[in-house]
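Coordinate analysis (summary)
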Amino acid sequence: MLRSALNRLIGMAIVMFLVVTIVFVIVRVTPGDPAAVMLGPDATAEDIASLRERLGLNAPIPVQFLTYFGGILRGDFGQSIFLNIPVTHALWLRAEPTFFLTVFALAIAAAVALPVGVLSAYWRGSAFDQAATMLAMFAASIPSFWLGLIFMQIFAVQLGWFDTSGYGGPGASFAERMHHLVLPAVTLGLISSALITRFTRAAMLDVLNDDYVRTARSKGMSEWRVVVRHAFKNALIPILTVIGLTAALLISGAIVTETVFGLPGVGSLIVSAVLRRDYPVIQGALLVVAGLYVLVNFVIDMLYLLVDPRVRY
Amino acid sequence: MAAVTTAPARAEPNLLIRIASRPTALAGLIVVTVIILLSVLAPLIAPYAPSQLAVRDRLQGPGMAHLMGTDELGRDVFTRVLYSGRTSLTVGFAVVVFASAIGVTLGLVAGFFRRFDAPVSRLIDAMMAFPDILLAIALVAALGPSAANVVIALGIVYAPRLARVVRASTLVIRELPYVEAARALGVPTPVILVRHVLRNVVSPLLVQATFIFANAILAEAGLSFLGVGISPDIPTWGTMISVGRQFLDQAPWIMWFPGGAIILTVLSLQLLGDGLRDFLDPRLAKDV
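Residues numbered from 1 in each chain as written. Chains lettered and ligands numbered in written order. Predicted model: local features only at pLDDT ≥ 70, side-chain atom pairs only at ≥ 80, totals over all residues.

1. As for the overall build of chain B
Heads up, the rule is: Secondary structure elements follow DSSP: runs of H or I no shorter than four residues count as helices, runs of E no shorter than two count as strands, and numbering proceeds from the N terminus. Every C-beta atom is placed from the backbone, and the number of other C-beta atoms within 10 Å of a residue's own sets its class: buried at 20 or more, exposed at 12 or fewer, partly exposed in between. Any residue pair is listed as a contact if its two C-beta atoms, each placed from the backbone, are within 7 Å.
When helices and strands are counted, chain B shows 12 helices and zero strands. Counted from the first residue to the last, chain B has its helices and strands arranged as α-α-α-α-α-α-α-α-α-α-α-α. Seen along its three principal axes, the alpha-carbon backbone of chain B occupies a region of about 75 × 45 × 30 Å. When burial is assessed residue by residue, chain B has 50% of its 288 residues classed as buried. Here the analysis covers contacts within chain B between residues at least 6 apart in sequence; of these, 70% occur between residues at least 24 apart.

Okay, structure coming up:
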């Protein structure tokens, strides 16, 4: 088991290294001088030269890469060009709305998807199953920003239950801030529930035909106990996997949703960084999100290793 | 010789009949076909010219004169949804072609040549760690916003998924007796790759391509909405919604209909893809 864990750890380290390499390369594919592109058409030659110096763009590419990689190992993701603060600090300042948005969206997605997925599998082929499958597919076809705008039109513009955008302004209480997250979280949660529903259904179908479920039934155990205590418990591992991966992917959905609802989170920071060509911030955000994804994957693999002694990597 | 070179029979000739036997897949195919036809024939069908201004008729609700209403400049929304479809569908299709070109090459190389398998597979793993929209945004930011760069960015984003599917199939096909026989007969490796391996990878590839087409349409709309994709002057379903949101309280129909077009297209492609998967790739039928 220790050997498997070690193998997986090495694999993760390699993938992380490649992730950093990709993030480094992305900025280098910019046609022309990245410093000139970042500063825009009005920049003077001196400005460009000084930014090149600051970003270390004059060094040979391998040296630049080593410097960048070394910085990341020390937790230094570079300096935001526009905000003039460290990238890690810029991301941290915007972390709250994104964190709560992701947590609420995930909770809503799980609350919808788990019961629907379990019942779909239990009543396989029924009208309920077909309707749920169609609905899940429909939800996966809706652009999240469009659903957000529709909700905004109904619940904020027409009914006036929520503000159309923002995070309550400076000095807003925690409750006020969370109130601003309701519509974005529902939007993101409903769309994410599609994937979790499909996985839950598939995982439940796998276990519902297993011998121990039949044994449990033949013992005269109530259906509720069979489904929840025996089947669902065993289907939980693949379901938790997809929930974990959805959590990492929700950051991507947050980019769009935060922009729709004008939330000052990491997502809208990324969009404004793109519009301002603030490459260090884009790179930092890419690294954090991809790193989280790789880490979640790794933790899930380790959980498998702990739970199921047959698993080997 | 013939027995060696002929790949196992596939059910391609009667694929249409098989699709027809499944109502949801058939519905998907019909709706996708109708949407493509409506876009291609837009100049014949559209009641107005796409940029024909009628300032006096601005922000009118859906009605007889304007089926889907008019926008802030009095342009006919129905006409613009038809014309936008041309851009959105072309971008989606171009993404599929570009992603397939990269994905198939990577997948074949990784699956067929053992010594390339580990490095290519790790690269694929690393690429898949980035959420699609985020990686696409970063690539467009680096390359500069334009329709061509959106296609390149999304192509790079989706290529690893195709590479993974192609690699998995190639690994199996590589070990089949007819490939071994072709090798023993001295058939050059590139010929084996194209004639024997690639041909048998087509089915899972087609299934994935359908889903990527759907995802690419969603992603392009997302990028355009964020203002980091195709220029707002070029009508796509995404840019229409992006512009329409400014008139959310006065004229919500400006964004209703392009959104509806996206949903209908993506949903139909997904239904079609699901059907294709069940016919072409029974191994994956249970997969999600």
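Continuing now.
2. Thoughts on the overall build of chain A
Looking only at helices and strands, chain A features 13 helices and zero strands. Secondary structure elements of chain A occur, N-terminal to C-terminal, as α-α-α-α-α-α-α-α-α-α-α-α-α. Dimensions of chain A along its principal axes, counting C-alpha atoms only, are 80 × 60 × 35 Å. Out of the 313 residues belonging to chain A, those deemed buried represent 38%. Of the contacts formed within chain A by residues at least 6 apart in sequence, a portion of 72% connects residues at least 24 apart.

3. Thoughts on the UniProt feature "domain: ABC transmembrane type-1" (unreviewed entry) in chain B
To keep it simple, the criterion reads: UniProt positions are given in the numbering used here, feature names are shortened, and annotations may be inferred rather than shown by experiment.
The UniProt entry lists residues 85-273 of chain B under the feature "domain: ABC transmembrane type-1" (unreviewed entry), expressed in the numbering used here. Secondary structure within residues 85-273 of chain B divides into 84% helix and 0% strand; the distance between the first and last C-alpha atoms comes to 20 Å.

4. A closer look at the UniProt feature "transmembrane region" (unreviewed entry) in chain A
All names here are of chain A. As recorded in UniProt, the sites labelled "transmembrane region" (unreviewed entry) are residues 9-29, 99-123, 135-161, 181-199, 235-261 and 281-307. Note that residues 135-161 is 81% helix and 0% strand, and that its end C-alpha atoms are spaced 26 Å apart. In residues 181-199, the share of helix is 100% and the share of strand is 0%. The end C-alpha atoms are 27 Å apart.

5. Comments concerning the UniProt feature "domain: ABC transmembrane type-1" (unreviewed entry) in chain A
Mapped onto this numbering, the UniProt entry annotates "domain: ABC transmembrane type-1" (unreviewed entry) at residues 95-304 of chain A. Along residues 95-304 of chain A, the helical share is 84% and the strand share 0%, with 30 Å between the first and last C-alpha atoms.

6. Some points on the domain arrangement of chain A
Residues and elements named next belong to chain A. Short version of the rule: An automatic or database domain assignment supplies the residue ranges for each domain. Amino acids are sorted into nonpolar (Ala, Val, Leu, Ile, Met, Phe, Trp, Tyr, Cys and Pro), charged (Asp, Glu, Lys and Arg) and polar (every other residue, Gly among them).
Domain boundaries in chain A define domain 1 (1-94 + 278-313) and domain 2 (96-264). Its C-alpha centre places domain 1 at a distance of 30 Å from the equivalent point of domain 2. Its residues assigned to classes, the side of domain 1 that touches domain 2 comprises seven nonpolar, no polar and one charged.

7. What to know about the nonpolar core
Definition in use: By convention in this section, buried Ala, Val, Leu, Ile, Met, Phe, Trp, Tyr and Cys residues joined through C-beta atoms within 7 Å make up a nonpolar core.
Of all hydrophobic cores here, the largest spans 171 residues; its most connected members are Val19 of chain A together with Ala136 and Ile137 of chain B. No other element matches the 19 residues that helix α10 (residues 189-226) of chain B contributes to this core. Taken domain by domain, the makeup of this core includes at least three residues from each of domain 1 (1-94 + 278-313) and domain 2 (96-264) of chain A. If we ignore the near neighbours within four places in the chain, the residues touching valine 19 of chain A are Leu287, Ala290, Gly291 and Val294 of chain A together with Ala126 and Ala129 of chain B.

8. Regarding the UniProt feature "transmembrane region" (unreviewed entry) in chain B
Residues and elements named next belong to chain B. UniProt's feature table lists "transmembrane region" (unreviewed entry) at residues 25-49, 89-113, 133-159, 205-230 and 253-273, given in the numbering used throughout. The span residues 89-113 carries 96% helix and 0% strand; its end-to-end C-alpha distance comes to 35 Å. Annotation note: span residues 205-230, helix share 85%, strand share 0%, distance between end C-alpha atoms 27 Å.

9. Things to note about helix α7 (residues 127-141) of chain A
Quick note on the threshold: Residue count minus one, scaled by 1.5 Å, sets the expected span of a helix.
Over its 15 residues, α7 of chain A extends 21 Å from the first C-alpha to the last, a length consistent with the 21 Å expected when each residue adds 1.5 Å. Within α7 of chain A, burial applies to Ala132, Ala136, Ala139, Ala140 and Ser141 of chain A. Those residues of α7 of chain A that are buried lie in contact with α6 (95-122) and α9 (174-208) of chain A together with α12 (253-280) of chain B.

10. Observations concerning the interface of chain A and chain B
At the interface, 42 residues of chain A touch 40 residues of chain B. Elements represented by at least two residues in the side of chain A that touches chain B include exactly α1 (2-28), α7, α8 (144-158), α9, α11 (223-261), α12 (266-276) and α13 (279-307) of chain A. Among the elements that take part in the side of chain A that touches chain B, α1 of chain A stands out by supplying seven residues, more than any other. Classifying every residue of the side of chain A that touches chain B by side-chain character gives 35 nonpolar, five polar and two charged.

11. So, unusual backbone geometry
Among all residues save glycine, negative phi is the norm, and among peptide bonds the norm is trans. Residue and element names in this part refer to chain A. Despite not being glycine, asparagine 84 has its phi angle at roughly 60 degrees, a positive value. Among the secondary structure elements, asparagine 84 is positioned in the loop between α4 (61-73) and α5 (87-93). Assessed through the 8 C-beta atoms surrounding it within 10 Å, asparagine 84 is described here as exposed. You will see that arginine 277, though not glycine, has its phi angle at about 55 degrees, which is positive.

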